Amino acid sequence: NITGHTQKRAGELLQQHGFNELPGVGKKNTLQIAVDVLKEPMFLLLIACSLVYILLGDYTEGIVLLCSVIIIIFITFYQNRKTEKSLEALRNLSSPMARVIRDGKEMKIAGRELVPKDIIILMEGDRVPADADLLEGSHLSIDESVLTGESAAVKKSEDDDNKIWGGTLVIQGRGIGIITDTGIKSAFGKIGQSLKDIEQDETRLQKEMKVLIRNLFIIGAIFSLLVIGAFYLSRGNLLKAILSGLAASMAILPEEFPVVLTIFLALGAWRLSKNKVLTRKPSAIETLGSATILCSDKTGTITKNRMEIAAFVAGKEIIYKEQFTSASKKIHSLLQILYCASSENPFDPMEQAISENYNKTSPKTQSLEHIYEYPLSKNLFAMSKVYKSESIKEFLVFGKGAPEAIFSLCKMNDEEHEQQTILAQQLAEKGYRVLAFASCRISDAFIPEHQQNLPLEYQGLVAFEDPVREEVPAAVKECKEAGIRVIMITGDYPATAKTIARQTGIDYHENVISGSELNGMPEEVLREKINFTGVFARIVPEQKLRIIKALKANGDVVAMTGDGVNDAPALKAADIGIAMGLKGTDVAREAASLVLLDDNFASIAEAIKSGRRIFDNLQKVMSYIIAIHIPIIGLVLMPAFNQALPLLFLPLHIVFMELIIDPVCSIAFESEQAEKDIMRRPPRNPEALFFGPRKIAFGIFKGLLLTAVVVIVYFLSITEGHSETEVRAIAFSTLITGNLFLVLTSLSKTRNFISAFREKNYSLVIIFLVALLILFLIIRIPFLQKIFNMEYPGYAHFIPAIIGSGFMLLILEGIKWSKKQK
């Protein structure tokens with residue numbers, strides 16, 4: 001006699017309470033994404049630089065710089081838009097439909113349209129659409145792991161545990177409920193709301209980059225004014241002084257730094273997406289390289305979140321799955337009993353495992369007609385099914401359930417009861433879930449009313465495990481080799497957690513902290529114990545967040561994986577939150593920095609490797625940028641302070657250099673492969689400066705070495721009596737050649753310069769060929785000679801340039817080799 005809301009009343013309540021949707025950042029439209037990208041300080045600085053050049057009359061450099069900014073903005077915008085589209089697709093996948101009773105009729109509506117006091121109907125396989133109280137339940141079991149982390153299904157009844165939660169999954173039975181809370185008032189929603197109180201810091205590199213850019217911008221402006229003043233006082237030509245000052249400012253202004261950082265992270269996000277890792281916050285890629293702890297949920301992350309048969313007990317013998325083939329006949333008969341005692345189209349994970357094994361190994365040998373069923377009840381956790389056989393006049397009965405329930409139904413003697421109880425406990429201690437099963441024959445004239453009156457005969461035990469993903473042990477090992485400690489945080493029992501830790505290679509030193517222990521533990525004790533604890537069991541959502549905070553307080557850089565709503569606060573609080581895309585909830589994905597689209601644990605190790613490679617290559621490229629700007633600054637300054645020397649570089653020459661430097665920085669270095677030992681190094685110290693004094697000093701040293709080569713060739717060409725335009729051609733060619741050699745030696749910290757070609761860095765080869773071709777055309781074609789103010793001096797005069805650059809390359813390769821020997 002339940003009629004539910006009228007459609008009109010439901011519409012009024014929807015207006016009052018809002019849609020049944022989880023809180024999050026929401027869907028971003030194209031304009032919002034574009035505005036977010038353009039608000040980045042790096043882009044604002046670049047746009048300002050290009051506008052300054054245009055206002056000063058240097059349209060070429062201004063337009064070139066502006067075009068490069070537009071390209072980079074487009075790449076970043078495209079990546080952000082792609083991310084939003086992927087998240088929208090995931091949102092649509094996770095949005096459940098709901099069966100409701102309205103106007104006295106059963107109908108299906110979108111879960112987001114549910115309102116309080118709606119009457120919902122739940123069946124096997126349904127996702128509960130909102131929090132509700134159970135009004136009626138028939139053998140209802142619900143998987144609440146997405147909310148609690150507990151992998152065991154929970155039995156529900158209207159008399160006892162009648163609260164059901166939105167987002168959980170009905171795996172057995174059916175029920176009718178009345179909605180109590182929707183949207184942000186639901187359990188999912190409250191956790192989502194709590195995310196707003198957790199602030200995420202900028203990465204250290206982002207902060208350091210901002211300071212560096214600001215300082216270099218100020219230095220560049222002052223330096224430019226000094227050059228203009230010095231040039232004007234020494235030569236008295238204001239136009240040439242302005243041109244020289246502009247060239248000097250272009251030489252030192254830090255446009256490459258933000259360009260490189262942004263494009264490295266954008267391309268890094270793109271590369272990760274090819275490996276099924278969606279990057280929601282590109283800065284997390286850089287942070288991955290310094291991760292010291294990886295906290296992982298168990299169910300669905302380390303394990304497959306599906307049941308498999310691990311063992312059988314027949315008589316006194318335990319038969320583990322490795323022995324199934326050799327005991328195939330015995331396994332066949334045991335599986336048939338279990339299969340017949342299960343649902344034909346099961347949703348329960350254990351029944352699915354039975355069905356899968358039976359269909360794979362045990363084809364039906366006789367035709368049985370199902371005629372009656374004794375269901376599970378809250379007083380007896382066992383079920384039995386009665387079948388009629390064409391070949392036998394008697395009825396066949398097959399039952400299964402909790403060991404103690406089946407032992408009771410089979411009326412076992414004390415000795416057998418004790419013996420089988422010990423075997424069941426042995427299996428349970430290994431982290432398995434255990435069922436007992438039985439069978440019997442009854443007269444076709446009499447089917448007892450109660451299950452307790454069946455003459456069931458005990459047949460054995462079956463043990464189930466949620467198996468570890470195949471790739472997890474190798475991924476854990478790789479993380480350990482990289483100096484990253486893996487911690488498992490689960491809502492499951494300690495015995496199960498220990499078993500999984502042993503199977504995956506997680507070090508826990510026989511030390512497992514349970515949720516109840518954690519509750520009474522002072523903060524300082526937790527911070528001390530957590531250094532030697534690899535497993536946390538029976539943990540609730542608030543405790544996960546506390547664990548993350550304790551690890552961060554110890555100075556660790558924490559990556560956290562998870563898929564449930566219960567993981568979301570910890571995902572956001574962690575330095576790197578990694579959500580599961582397939583099984584993960586919407587709130588978890590919104591809170592995370594990275595989303596694993598295939599839920600593959602091994603992708604995490606690959607993402608960490610990628611983060612380290614990007615950081616490595618960023619350091620190489622920043623060192624190169626410092627090095628290449630030293631000779632440019634030196635060669636711009638020399639004529640400004642010595643009137644006798646010819647003016648070497650005009651803004652157009654610097655533009656040409658930038659056209660080589662920028663692609664080299666953003667493509668060639670980004671494409672470089674990871675160093676071979678990258679996952680055998682300890683995590684980098686997050687407190688260490690990215691631009692430490694030693695790194696800057698070595699960059700300056702490389703730059704001074706190249707400057708010395710160019711200056712020597714420059715003065716050599718003057719003493720040979722070349723004209724100013726010829727001297728410029730020779731010096732410029734030396735700088736370009738030396739720059740290309742500098743790139744070769746800077747690409748790797750450990751490998752020699754030949755490896756760049758051997759490892760097929762195609763972008764580098766293309767850039768080299770294009771740069772040398774354009775240089776050749778500038779020197780040889782009269783029209784371009786005129787534009788660049790150069791004159792062809794003859795091929796012989798370029799030999800010193802090649803010899804000098806080669807000498808610089810040998811010195812730098814020698815330093816690299818000596819470091820490697822240490």
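Residues numbered from 1 in each chain as written. Predicted model: local features only at pLDDT ≥ 70, side-chain atom pairs only at ≥ 80, totals over all residues. Heavy atoms only, no water.

(A) Examining the nonpolar core more closely. Counting 102 residues, the largest nonpolar core has Ile576, Leu618 and Met622 as the members making the most contacts within it. Core analysis: the second largest hydrophobic core is formed by 34 residues, Leu526, Leu545, Ala579 and Ala588 among them. (Core = buried A, V, L, I, M, F, W, Y, C linked by side-chain atoms within 4.5 Å. Buried < 20%, exposed > 50% of the residue type's maximum accessible area, 1.4 Å probe, protein only.)

(B) View of helix H24 (residues 693-719). A rise of 1.5 Å per residue sets the reference length of H24, with its 27 residues, at 39 Å; its end C-alpha atoms lie 38 Å apart and thus fit the reference within 8%. Note on H24: the residue one or two positions beyond its end, Gly721, has a positive phi of about 85°. (Helix = DSSP H or I, 4+ residues; strand = E, 2+ residues; numbered from the N terminus. Expected span 1.5 Å × (residues − 1).)

(C) Inspection of a nonpolar patch on the surface at higher detail. Taken together, the side chains of Tyr762, Ile766, Val770 and Ile774 define a hydrophobic patch exposed on the protein surface, amounting to about 390 Å² of accessible area. Here Tyr762 is to be found in helix H27 (residues 762-780). (Patch = residues over 30% accessible without salt bridge, like charges linked within 9 Å, V, L, I, M, F, W, Y side chains within 5 Å. Areas by Shrake-Rupley, 256 points an atom, 1.4 Å probe, with all protein chains shown as cover. Salt bridge = Lys/Arg side-chain N within 4 Å of Asp/Glu carboxyl O.)

(D) Geometry of the packing of helix H25 (residues 724-746) against H27. Where H25 meets H27, the axes come as close as 11 Å, and the angle between the chain directions of the two elements is 175°. For the element pair H25 / H27, the angle class is roughly antiparallel. Contact with H25, carried on its side by Phe732, Ser733, Ile736, Leu740, Val743 and Leu744, involves Leu764, Phe768, Ala771, Leu772, Leu775 and Ile779 of H27 and no other residues of that element. (Axes fitted to C-alpha atoms, helices over the stretch in contact; angles between N-to-C directions. Parallel < 35°, antiparallel > 145°, perpendicular 65-115°, else oblique. Contact = heavy atoms within 4.5 Å.)

(E) The packing of aromatic side chains, seen in detail. The final tally for this structure, using the stated rule, is ten aromatic pairs. Ring plane angle 65° and centroid distance 5.2 Å describe the contact between Tyr714 and Phe715, whose orientation is recorded as edge-to-face. Here Tyr792 and Tyr795 contribute two aromatic rings whose centre-to-centre distance is 5.3 Å and whose plane-to-plane angle is 70°, an arrangement assigned as edge-to-face. The class of Tyr792 is partly exposed, set by a relative accessible area of 22%. Ring pairs connect the aromatic residues Phe312, Phe324 and Phe437, which therefore count as one cluster. For the cation-ring pair, Arg538 lies above Tyr493, with the distance from its terminal atom to the ring centre recorded as 4.1 Å. Of note, Lys819 hangs over the ring of Phe698, and the distance from its end group to the ring centre comes to 4.3 Å. (Phe/Tyr/Trp six-rings, centres within 6.5 Å; stacked < 30°, edge-to-face > 60°. Lys NZ or Arg CZ within 6 Å of the ring centre and 35° of its normal.)

(F) Here's a closer look at empty space enclosed by the protein. Per the counting criterion, the structure on display carries two cavities of 30 Å³ or more. Considered as a void within the structure, the largest cavity measures approximately 60 Å³ in volume. When residues of the lining of the largest cavity are assigned to their parent elements, the largest contribution, four residues, is made by helix H22 (residues 602-641). Of the residues assigned to the lining of the largest cavity, the class counts are five nonpolar, two polar and one charged. Approximately 40 Å³ is the volume attributed to the second largest cavity. The leading source of residues in the lining of the second largest cavity is H24, at three residues. The residue inventory of the lining of the second largest cavity, partitioned by class, reads four nonpolar, two polar and one charged. (1 Å grid on protein atoms, 1.4 Å probe; cavity = no way out; pocket = protein on both sides within 12 Å on 5 of 7 lines; lining within 4 Å. Points joined across faces, edges and corners; volume = space filled by probe spheres on them. Nonpolar A, V, L, I, M, F, W, Y, C, P; charged D, E, K, R; others polar.)

(G) Structural context of the pattern of salt bridges. Under the defined criterion, the tally for this structure stands at 25 salt bridges. Between Asp492 and Lys298 there is a salt bridge, with the nearest N and O atoms lying 3.1 Å from each other. Residue Asp492 is located in the loop between strand S17 (485-489) and helix H16 (494-504), and its partner Lys298 is located in the loop between strand S9 (293-297) and strand S10 (308-314); the two are separated by 194 residues in the primary sequence. Each member of the pair, Asp492 as well as Lys298, carries the same accessibility label: buried. Among the salt bridges present, the one from Lys330 reaches Glu317, with a minimum N-O distance of 3.4 Å. Of the two residues, Lys330 sits in helix H11 (residues 328-340) while Glu317 sits in strand S11 (residues 317-320), which places them 13 residues apart along the sequence. The exposure class of Lys330 is partly exposed, given its relative accessible area of 37%. Taking relative accessible area as the criterion, Glu317 reaches 38% and is therefore assigned partly exposed. Each of Lys304, Arg306, Glu308 and Glu470 takes part in a single network of salt bridges with overlapping partners.

(H) A look at the sheet that holds S9. Spatially, eight strands are ordered S8-S22-S21-S20-S9-S17-S19-S18 in an open sheet, and the strand pairing comes out mixed. Where the open sheet ends on each side, the last strands, each with one partner, are strand S8 (277-279) and strand S18 (512-514). Neighbouring strand axes in the sheet, compared pairwise and without regard to direction, differ in orientation by 20° on average. Bridge count for strand S21 (residues 576-580) against strand S22 (residues 594-596) is three bridges, and the pairing is parallel. Across the sheet, Ala579 pairs through a bridge with Val595, a residue of S22. Most of the contacts of H16 go to strand S19 (residues 535-537), to which it runs at about 155°, and overall it touches S17, S18 and S19. (Pairing = 2+ DSSP bridges.)

(I) Region of interest: the pairing of strand S20 (residues 558-562). Counting buried residues along S20, five of its five residues qualify, which places the element largely inside the surrounding structure. Burial along S20 is two-sided: Val558, Met560 and Gly562 facing one way and Ala559 and Thr561 facing the other are all buried. Sheet topology places S9 next to S20; four bridges connect them, and they run parallel. Bridging from a neighbouring strand, Ile293 pairs with Val558 of S20. Here S20 pairs with S21 via four bridges, running parallel. Bridging from a neighbouring strand, Gly562 pairs with Ala579 of S21.

Read these as geometric descriptors, not functional statements.
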